[in-house]
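Notes for the structure review
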Amino acid sequence: MDIVDDERDGVVINPEPPRIIIENFTQQVLEGPDEGCLNNFRMDKQVFAALETMLRRKALLHNTWDVKIVEQLAIFLYLIGHSVPFEDVQDLFLYSKTLISRHFNGVLDAIFKLSPDLFDSPASDVPLEISKDPKFYPFFKDCLGFVDAVQLKQFVDTNDLGVIHAQNGRTKALAICSFDLRFKKVFAASDGSLPRGLYPATSKLEIPEGKYYLVDDAYQDIPGFVAPYVRAVYFSGDICFDFGTQEQLFNQRHWDMRKANKIIFSILKERFPILMSTLYPAIKKLKLVVVCCALHNFIQKMNPDDAIFRKHQNVIEADLIHEGGDLPLNEEFDSEPRSSIARDLWEDYAAKHAT
């Protein structure tokens, strides 16, 4: 007679098969406190459920005979939120490396297809963050947001992919961001849409006439992009500073406005450490940048008060002295509108501090 159950001291022990344990991990996280879901899947339970529903309704993911959509999504979010190799989560999800890889790629492709719905077009109106602050308005009323690069630890052949190849061997994906901590557009593709070198390619960005984006001192001050003065010392911090030149004043205000830039990229890197990983090939890594930025937007829309957002929004930058960039003097161009903004700021500052 075959023995199905193990009976000891009159107690029948019927061990749970591994599949039940697998389901219990994801279910345990989703049925537990929001903190556990945030730690494991980098978003709270409500946001996770909304994302799963969206992917299901748009038919971007489907249940397979062995893995349901909820667990496919859990696997993907765990991996991008912890930056570990596939084999390191086999014991956690009790799937083979091959199966984990398959569903990781499947969810990556699904959210990549969904991403256009998660990016907003840059608004042409004056951002509230500018219009409500007398330090910035009306001087920066034509500013649309800021542009910065997402650093990727990955070596790439620029001839094949047409992406930026930095001097330190990292590739960069260029992101357009708004002051309300949302990504508007991400240039991360293998079709040549990423600009080369250290300077933005205006032909790839549609910027309304008279409008511009803020950039840091790695970029030149050219039409459509306003950079700080590379030779003007300024402070990054909420301290009292007696400005000696209009360039110093301009740089200080420029830095104050770009604090949102520091916050949004700090949030992105903490929530999705996979962006700093070297585990994935270049094309997949660039797709991950788009997906992570899109997920950031989705989370920010669904729950802008989650723990990671709160942590970084309350951070005050330490006071630092910025000496400016290292471009030669003959490579700095003082174009409009930077010169007029600096002049108007200085006139306003001088009038308010006249004795």
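Structural notes, computed from the coordinates.

To continue, consider the nonpolar core. Where a protein is soluble and globular, its nonpolar side chains tend to be buried together. In this structure, Phe76, Ile80, Phe104 and Phe140 are the most contacted members of the largest nonpolar core, which totals 83 residues. A total of 10 residues in this core trace back to one element, the largest contributor, which is helix α11 (residues 282-302). Sequence-distant contacts of Phe104, that is, excluding residues within four places in its chain, are made with Phe76, Leu79, Ile80, Phe86, Ile274, Tyr280, Lys284 and Leu288. Residues Ala149, Ile176, Phe187 and Val215 belong to the second largest nonpolar core, which totals 12 residues.

Before going further, it helps to examine the packing of aromatic side chains. Within this structure, the stated rule accounts for 12 aromatic pairs. Arranged with centres 5.5 Å apart and planes meeting at 80 degrees, the rings of Tyr229 and Phe250 form a pair that is edge-to-face. Highlighted residues: Tyr229 in the loop between β8 (225-226) and β9 (234-236) and Phe250 in helix α9 (residues 246-257), separated in sequence by 21 residues. You can call Tyr229 buried: its relative accessible area is 7%. An aromatic cluster is defined as three or more aromatic residues linked by ring pairs; in this entry it consists of Phe25, Phe41, Phe48, Tyr78 and Phe93. When the ring centre of Phe309 is taken as origin, the NZ or CZ atom of Arg271, which lies over that ring, is 4.9 Å away.

Another point: the packing of helix α3 (residues 45-57) against helix α4 (residues 69-82). Two packed helices can be described by the angle between their axes and the distance between those axes. In the contact formed by α3 and α4, the axes pass within 10 Å of each other and the chain directions differ by 120 degrees. Compared by their axis directions, α3 and α4 come out oblique. Crossing handedness for the pair α3 and α4: right-handed. Of the residues in α4, those in contact with Phe48, Leu51, Glu52, Leu55 and Arg56 of α3 are Ile69, Val70, Leu73, Ala74 and Leu77. When grouped by side-chain class, the residues that make up the contact of α3 with α4 number 8 nonpolar, no polar and 2 charged.

Here we come to the environment of Val29. Tracing the sequence through the fold places Val29 in helix α1 (residues 18-31). Residue class for Val29 comes out buried when judged on its relative accessible area of 9%. As for Val29 and Asn40, which are separated by 11 residues in sequence, their C-alpha atoms are 7.7 Å apart. Apart from residues no more than four positions distant in its own chain, Val29 is found in contact with Gly36, Cys37, Asn40, Phe41 and Lys45.

Between α3 and α11, the least distance of the axes is 10 Å, while the angle of their chain directions is 120 degrees. Classified by the angle between their axes, α3 and α11 sit oblique to one another. Note that α3 runs across α11; the crossing there is right-handed. Along the contact surface, α3 presents Gln46, Val47, Ala50, Leu51 and Met54, while α11 presents Leu295, Phe298, Ile299 and Met302. A class-by-class count of the residues in the contact of α3 with α11 yields 8 nonpolar, 1 polar and no charged.

Conventions used here
Residues numbered from 1 in each chain as written. Predicted model: local features only at pLDDT ≥ 70, side-chain atom pairs only at ≥ 80, totals over all residues. Heavy atoms only, no water. Core = buried A, V, L, I, M, F, W, Y, C linked by side-chain atoms within 4.5 Å. Buried < 20%, exposed > 50% of the residue type's maximum accessible area, 1.4 Å probe, protein only. Helix = DSSP H or I, 4+ residues; strand = E, 2+ residues; numbered from the N terminus. Contact = heavy atoms within 4.5 Å. Phe/Tyr/Trp six-rings, centres within 6.5 Å; stacked < 30°, edge-to-face > 60°. Lys NZ or Arg CZ within 6 Å of the ring centre and 35° of its normal. Axes fitted to C-alpha atoms, helices over the stretch in contact; angles between N-to-C directions. Parallel < 35°, antiparallel > 145°, perpendicular 65-115°, else oblique. Left-handed = near helix turned anticlockwise from the far one by under 90°. Nonpolar A, V, L, I, M, F, W, Y, C, P; charged D, E, K, R; others polar.

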